[in-house]
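Each chain, written out:
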Amino acid sequence: MAGDATNRDERIKRRERNPKWQNPPLYIDMLDCINCDACLRHCPPNFGAIFNHGADVVIIPALCSGCDKCLPVCPVDCIHPHPDWSAADVPTDWWALPLSEHDPY
Ligand code: SF4
Ligand code: SF4
């Protein structure tokens, strides 16, 4: 369907999560994260939700399907469900990450 959030480009453009996704998005507890990038390498490109942001590794919740593929590769178990996320809580500058030439996906 045109104009909905079922593909990544459209999600990025609209800053919207796919409403069909049942699982909550995940977030990274930055206090425990050791910035190893293992999760980033395992996030499927059709979701492409994890980014390097300065010294941090972050998940843009609107791009995260909750597929959990990043969970088993995290050596410090610092990735957690974020059922109460709100679009307003996502820093605006995070949205520049998938649009940059350094988009890892
Ligand atoms: S749960 Fe899936 S989509 Fe979300 S950040 Fe992890 S690997 Fe990516
Ligand atoms: S796998 Fe875990 S420790 Fe490594 S960057 Fe991702 S969240 Fe941080």
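Residues numbered from 1 in each chain as written. Chains lettered and ligands numbered in written order. Predicted model: local features only at pLDDT ≥ 70, side-chain atom pairs only at ≥ 80, totals over all residues. Heavy atoms only, no water.

Engineer: Explanation requested: the overall build of the chain in the structure shown.
Structural biologist: Each helix and strand in the chain was counted, giving two helices and four strands. Relative to the 2.2 N^0.38 estimate, which gives 13 Å for 105 residues, the radius of gyration of the chain is 13 Å and therefore close to what a compact globule would have. With the C-alpha coordinates aligned to their principal axes, the bounding extent of the chain is approximately 40 × 30 × 25 Å. A separation of at least 24 residues holds for 68% of the contacts in the chain among residues at least 6 apart in sequence. Accessible surface computed for the chain: about 6,100 Å², of which carbon and sulfur atoms make up 52%. Taking the 9 positively charged and 15 negatively charged side chains of the chain as two groups, their mean positions are separated by 9 Å. (Helix = DSSP H or I, 4+ residues; strand = E, 2+ residues; numbered from the N terminus. Rg over C-alpha atoms; globule rule 2.2 N^0.38 Å. Contact = heavy atoms within 4.5 Å. Areas by Shrake-Rupley, 256 points an atom, 1.4 Å probe, with all protein chains shown as cover. Lys, Arg positive; Asp, Glu negative; His and termini not counted. Charge placed at Lys NZ, Arg CZ, Asp CG, Glu CD.)

Engineer: How should the layout of surface pockets be read in this particular structure?
Structural biologist: Unfilled space is identified by rolling a water-sized probe across the atoms. Its volume calculated, the largest pocket comes out at about 170 Å³. For the largest pocket, the lining is made up of 14 residues, of which I59, P61, H82, D89 and W94 are closest to its centre. Elements with a minimum of two residues in the lining of the largest pocket: β1 (26-28) and β3 (56-59). Sort the elements by how many residues they give to the lining of the largest pocket and β1 lands first, with three residues. (1 Å grid on protein atoms, 1.4 Å probe; cavity = no way out; pocket = protein on both sides within 12 Å on 5 of 7 lines; lining within 4 Å. Points joined across faces, edges and corners; volume = space filled by probe spheres on them.)

Engineer: Where do I start with the site of ligand 1 in this structure?
Structural biologist: In the vicinity of ligand 1 there are 13 residues, among which C43, C64, C67, D68 and C70 approach most closely. Residues that form the shell around ligand 1 fall into these classes: nine nonpolar, two polar and two charged. (Near = heavy atom within 4 Å. Nonpolar A, V, L, I, M, F, W, Y, C, P; charged D, E, K, R; others polar.)

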